[in-house]
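A closer look at the structure
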Amino acid sequence: MYRHASFVLFLAFGIAVQRSNCTEVTVKDDNDNICLYAKLSVNFTVSYEVADDKSKTAMFELPVDVSTNGSTCKNTSSMLKLNFGEGHSWSVNFTANGNMYDADTITFSYNLSDATVFPDSISNDTRNVTAKAQITKVGIDTCYSCRSVDTIESAPVNQTLWDVLIQAFVSSNSTSENITSCAADVPSTTAAPTTRPTTAAPVTNSSTAPPPTPTPTPTLPTPATGRYSVKSDENSTACLIAEFGLRIAVKDVEMNFEPNGTTSSGSCGVNSSQLVLTSNAVTITLTFLNDTKKFHLHALNVTGKTGSGVAFSEANGNLSLWEAAVGSSYMCNKEQNYTITGLLTLYTFDLRVQPFGVKKGVFSTAEDCQADAENFIVPIAVGVALLVLILIVLLAYFIGRKRNMASTYESL
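Residues numbered from 1 in each chain as written. Predicted model: local features only at pLDDT ≥ 70, side-chain atom pairs only at ≥ 80, totals over all residues. Heavy atoms only, no water.

Turning our attention to the environment of Val-117. Here Val-117 lies in the loop between β7 (100-111) and β8 (126-132). Along the sequence, Val-117 and Ala-58 sit 59 residues apart, while their C-alpha atoms lie 6.6 Å from each other. Aside from chain neighbours lying at most four places away, what touches Val-117 is Tyr-48, Ala-58, Phe-60 and His-88. (Helix = DSSP H or I, 4+ residues; strand = E, 2+ residues; numbered from the N terminus. Contact = heavy atoms within 4.5 Å.)

Moving on, we get to unusual backbone geometry. Look at Asp-53: it is not a glycine, yet its phi comes out positive at around 55°. Mapped onto the elements, Asp-53 comes out in the loop between β2 (34-50) and β3 (54-61). Since its relative accessible area comes to 83%, Asp-53 is described here as exposed. Of note, the phi angle at Trp-322 is positive, near 55°, even though the residue is not glycine. Among the secondary structure elements, Trp-322 is positioned in strand β22 (residues 321-325). (Buried < 20%, exposed > 50% of the residue type's maximum accessible area, 1.4 Å probe, protein only.)

Before going further, it helps to spend a moment on the nonpolar core. Counting 46 residues, the largest nonpolar core has Phe-44, Leu-80, Trp-90, Phe-94, Tyr-101 and Phe-108 as the members making the most contacts within it. Considering each element in turn, this core owes the most residues, 9 residues, to β2. Core analysis: the next-biggest nonpolar cluster, separate from the first, contains 36 residues, Val-230, Leu-297, Phe-312 and Leu-351 among them. (Core = buried A, V, L, I, M, F, W, Y, C linked by side-chain atoms within 4.5 Å.)

Considering all chains together, one arrives at 4 disulfides under this definition. Note that Cys-35 is cross-linked by a disulfide to Cys-73, the S-S spacing being 2.1 Å. Residues Cys-35 and Cys-73 are joined by a disulfide whose S-S torsion is about 70°; by sign, that bridge is right-handed. Of this pair, Cys-35 sits in strand β2 while Cys-73 sits in strand β4 (residues 72-73), and the two are 38 residues apart along the sequence. With respect to class, Cys-35 is no different from Cys-73; both count as buried. Covalent S-S linkage joins Cys-239 and Cys-268, the inter-sulfur distance amounting to 1.9 Å. Its S-S torsion of approximately 80° makes the covalent link between Cys-239 and Cys-268 right-handed. Taken together, the residues span a long stretch of sequence, with Cys-239 in strand β15 (residues 238-250) and Cys-268 in strand β17 (residues 263-268) at a distance of 29 residues. Accessibility expressed as a relative area gives 22% for Cys-268, which makes it partly exposed. Among the cysteines of the chain that take part in disulfides, numbered as they appear in the sequence, the pairing is 1-2, 3-4, 5-6, 7-8. (Disulfide = S-S within 2.5 Å.)

Right, let's talk about the packing of aromatic side chains for a bit. As enumerated under the stated definition, the model contains 16 aromatic pairs in all. Centre to centre, the rings of Tyr-48 and Phe-118 are 5.2 Å apart; their planes meet at 85°, and the pair counts as edge-to-face. In this pair, Tyr-48 is assigned in strand β2 and Phe-118 in the loop between β7 and β8, connecting sequence segments 70 residues apart. Among the residues examined, Phe-118 registers a relative accessible area of 1% and is labelled buried. Connected via pairs of aromatic rings, a cluster forms that spans Phe-44, Tyr-48, Phe-60, Phe-84, Phe-108, Tyr-110 and Phe-118. (Phe/Tyr/Trp six-rings, centres within 6.5 Å; stacked < 30°, edge-to-face > 60°.)

What follows is the structure, encoded as structure tokens:
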């Protein structure tokens, strides 16, 4: 079978953050006809062992430059296999049943001997993780589409997929324009309540019934500030410290993150550190990167349930937030909001975090965010204006006094 891969750059949606490039491939059969098509974005987060019983976290994306060697197309089954880097691959199997097809399993293979991706790894093995794909009941002549973020957790690997467009069984050498959307992309609707029929009152021109007054949405109180830390072992001081209040908005539902009862865990590395916060309702994973001079929040994964019991999972692995010099802490006391994905917004209050270079378990000198720095502009401007006013008054006083003294001498 001859296979051909083509690649395009894709600028993904987002307001506050940028998404990674999208990978687009086609697989062809022996007759040089397209039999499978895929376009998708995947980010990988892999925890691996290094010396001294420590671990690091590698974060990388499915590149644009991949090969489809090993992909297959059959009447009732097909497999998309994407090979990249030094011995890494990502594959998904599909099975057709009548007019529908499903994705069976996703397999990710990663080569720990690739020092570019896994620096300081003590293993040279190639490891495999498998996970159940959430692609079901797709029309045989349609493309499966899912723009929403889907995070697949299979320790020690997290895979984050979005902007997925796949047709596993292509006929007539062309992809279909018909779309089967994932559940996350389908807007939820609430059925109107069923009422007994009533006789409508006659309409007159004398008056118009006022519209119903909407019930105001209750305002949430400012979330409580939580203090969190990560230790490399039980006998050591904290290597990552953070304190902040959080509010999470998923679609149109907002909820405060409750620090009481929340457990913190994670890891500290030279190039990356991770803070995992687990409460009764929500799990938040924050991953920070160190580029030798500055650190920043690189990835955020939020999973849980809303107060009404609706499950959600949102992630972004390509952030550049909370940047400060390594060895210092990042601080922002003012309320800030960040659009993480199309469905997830994060609000922070009294934020301070230091994921690298913590000494004696306490924060180092803080670098303020721009919002906090702007708070000083008004009092500084007022102070300068008062100083200028005082100087003007003093100058007028001395000028007037000098004139009075001069007139006194003249009179003498």
